[in-house]
Amino acid sequence: LNTRKHPLGNPPPSEKDWPKEDEENFFLLDPDRKRDVLPQPFKMINKLVMQVFENAMEIIERREMLRKAQKLKVQPKKCFPTAEFQVTERANCLAVSGKYIFVGLSMGLAAFNTCDFKDVCAWDAAKTEICAIHASDLGNECHVLLAVDEMGLAWLLCFQKESFLLIKILNGVEDISQRSTCVEVVLSRGGDYAGILLQGNTKAWLEIYQLPKDSWLTEMEKNAGAAEELACSERRSSSSSEVGTFLLQELPVSAVQADVELDAPVLLLTVRPPKPITGTSFKGPLDALKEVDDGSMLGLGYKHLIKDSQWELQEAIFRSTYQEYLEAEGVMEEEIPRYATFHFLLPSRILEGPEMKVQPDIPVGIGVHWDGNHNFCLYLLNHSLKEKEDSDLKPDVVWPCAAPIACSAVSSCSRYLALAGEDATITIWDKHLGYPLSVTAILEERFIRSIHFL
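Note that the structure is a prediction, hence the values are computed from the model and not measured.

Caption draft 1: How the structure looks around the pairing of strand β7 (residues 154-160). Among the seven residues that make up β7, seven are buried, leaving the element largely enclosed by the rest of the structure. Bridge analysis of strand β6 (residues 142-149) against β7 gives seven bridges, and the strand direction is antiparallel. Counterpart to V148 in the pairing with β7 is A154. Where β7 lies against strand β8 (residues 164-169), five bridges are found, and the strand directions are antiparallel. The residue bridging L157 from the neighbouring strand is L166, located in β8.

Printed below as a string of structure tokens:
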């Protein structure tokens, strides 16, 4: 039997394990060195904690810098609607011209006044859905409208005195099987010209029209004066009753509007996409030089001395070299472009001829580029009748690019031209002087779909 005579307790530490410190030099010791005598797990914990604190401070400093930079930026102004107007049907598109807002509806058009946002009038004679609309102010409270419906018909209308008047369906034909579809419309500023892009079963082309707006304004003023005179005469002759006066005041306006016939627009140009480049038709260099002396246009790539056999040999070498890549991705045959982007251009040094009489605010040409094409082509609007009948109208100026053009934009003053290539490169050109102002490359594997001047 074992019995304890003293209570349990911790044994005192051994003096030989105590650190020997010089009390006289105690104040000279580095406090950070005390961590060196700690065991390894404590050192790791201390290192992790210090790393967490350092990362936290970096995050705090970064957020503070971002907050200060955000305060220095110009904050966008928040705009809230000041008024609204109700439409009876689904609205697909709208255009603003003067003090009117024209809305394309699921059944026709509607015009609203921006002063009181009330419905002025509606047009549903076509009984069709309007998908796109462009409008321009002609002056004297007269506006020209170019609308596209769901069937691809281009409607040219005039709006004056709170009423619509149909001028012409630009691509309307009696035989529906021969009808072409309108996929794009552009109306020049001021309403002097209109352009429509048409697509058939296998081809596409661009038609440019000149709008006789001066004759339209004259004709509308004559009919407006005739309507007022007729209304006054009817008021004087019908004073028997209020109902009779109301009816007689309303009938002459519609009767006069039905008799209005405005001049049809004049077709100026028919621009077709460039044909694929084929083998040369020249027998030698002298024949090519003769074509140059005749003044034919250079830059489209048709005036060359490469034979068909050379094209075929180059194609065979390319296919044999990159056969595995072509089999993986599939070979696409070269097709004629079916979509184009075009702009109306104001006078400039490049588009002004020696004997041309131009006005600074009226377009003198158009700029066109087709999908997948490297060239931006410029056409003058004063071609002769012989050139109009030519099916292959040649451009007056060709602006070649290193890569196919994806999209383009023209500034409001028509001086600066922006071309975005499929290689994600944007080039700003000075159209008056003819040299590039800047070239900007976007990140790789990016495709630019649209570009605009602000």
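Caption draft 2: Quick look at the environment of L138. As for its placement among the helices and strands, L138 is situated in strand β5 (residues 130-139). You can call L138 buried: its relative accessible area is 9%. Sequence spacing of L138 and W216 is 78 residues, and the spatial spacing of their C-alpha atoms is 9.3 Å. Residues in contact with L138, not counting those within four places in the same chain, are H143, V144, G190, G191, K213, W216 and L217.

Caption draft 3: Here's a closer look at the sheet that holds strand β15 (residues 375-380). Here four strands make up an open sheet; going across it, the order is β13-β14-β15-β16 and the pairing antiparallel. Each end of this open sheet is capped by a strand with a single partner; those strands are β13 (340-345) and β16 (397-400). Neighbour-to-neighbour, the strand axes of the sheet open up by a mean angle of 20°, direction not taken into account. Across six bridges, β13 lies against strand β14 (residues 365-370) in antiparallel orientation. Each residue of the ladder has a partner; that of F344, found in β14, is I366.

Caption draft 4: Geometry of unusual backbone geometry. Positive phi, normally seen in glycine, also occurs at F117, with a value near 55°. We classify F117 as partly exposed; its relative accessible area is 28%. Here N140, not a glycine, exhibits a phi torsion of approximately 55°, which is positive. Tracing the backbone shows N140 in the loop between β5 and β6.

Caption draft 5: View of the pattern of salt bridges. Here the structure, examined in full by the defined rule, presents five salt bridges. As a salt-bridge pair, E129 and R90 come within 2.5 Å of each other at their nearest N and O atoms. On the criterion of sequence distance, the pair formed by E129 in the loop between β4 (119-123) and β5 and R90 in the loop between α1 (40-72) and β1 (91-97) is long-range, its members being 39 residues apart. Judged by relative accessible area, which is 17%, E129 ranks as buried. For D124, the salt bridge identified is with K127, shortest N-O distance 3.9 Å. On the basis of relative accessible area, D124 is assigned to the partly exposed category, the value being 35%.

The rules we used
Residue indices follow the written sequence of each chain, beginning from 1 at its first position. Reporting of local features is limited, given that this is a predicted model, to residues whose pLDDT is at least 70; pairs of side-chain atoms are given and counted only at 80 or more, and all residues count toward the totals for whole chains, interfaces and linings. Side-chain descriptors were evaluated using all non-hydrogen atoms of the structure, hydrogens and water having been removed beforehand. Each residue gets one of three labels from its accessible area relative to the maximum for its type: buried under 20%, exposed over 50%, partly exposed in between, using a 1.4 Å probe on protein chains only. Only DSSP runs of H or I reaching four residues or more are called helices, and only runs of E reaching two or more are called strands; each is numbered from the N terminus. We treat two strands as partners when DSSP finds at least two bridges between them. By definition in these notes, contact holds between two residues if any of their heavy atoms fall within 4.5 Å. For helices, the fitted axis covers only the stretch in contact; all axes are lines through C-alpha atoms, and the angles between them, taken along N-to-C directions, range from 0 to 180 degrees. Counted as salt bridges are all cases of a side-chain nitrogen of Lys or Arg within 4 Å of a carboxyl oxygen of Asp or Glu.

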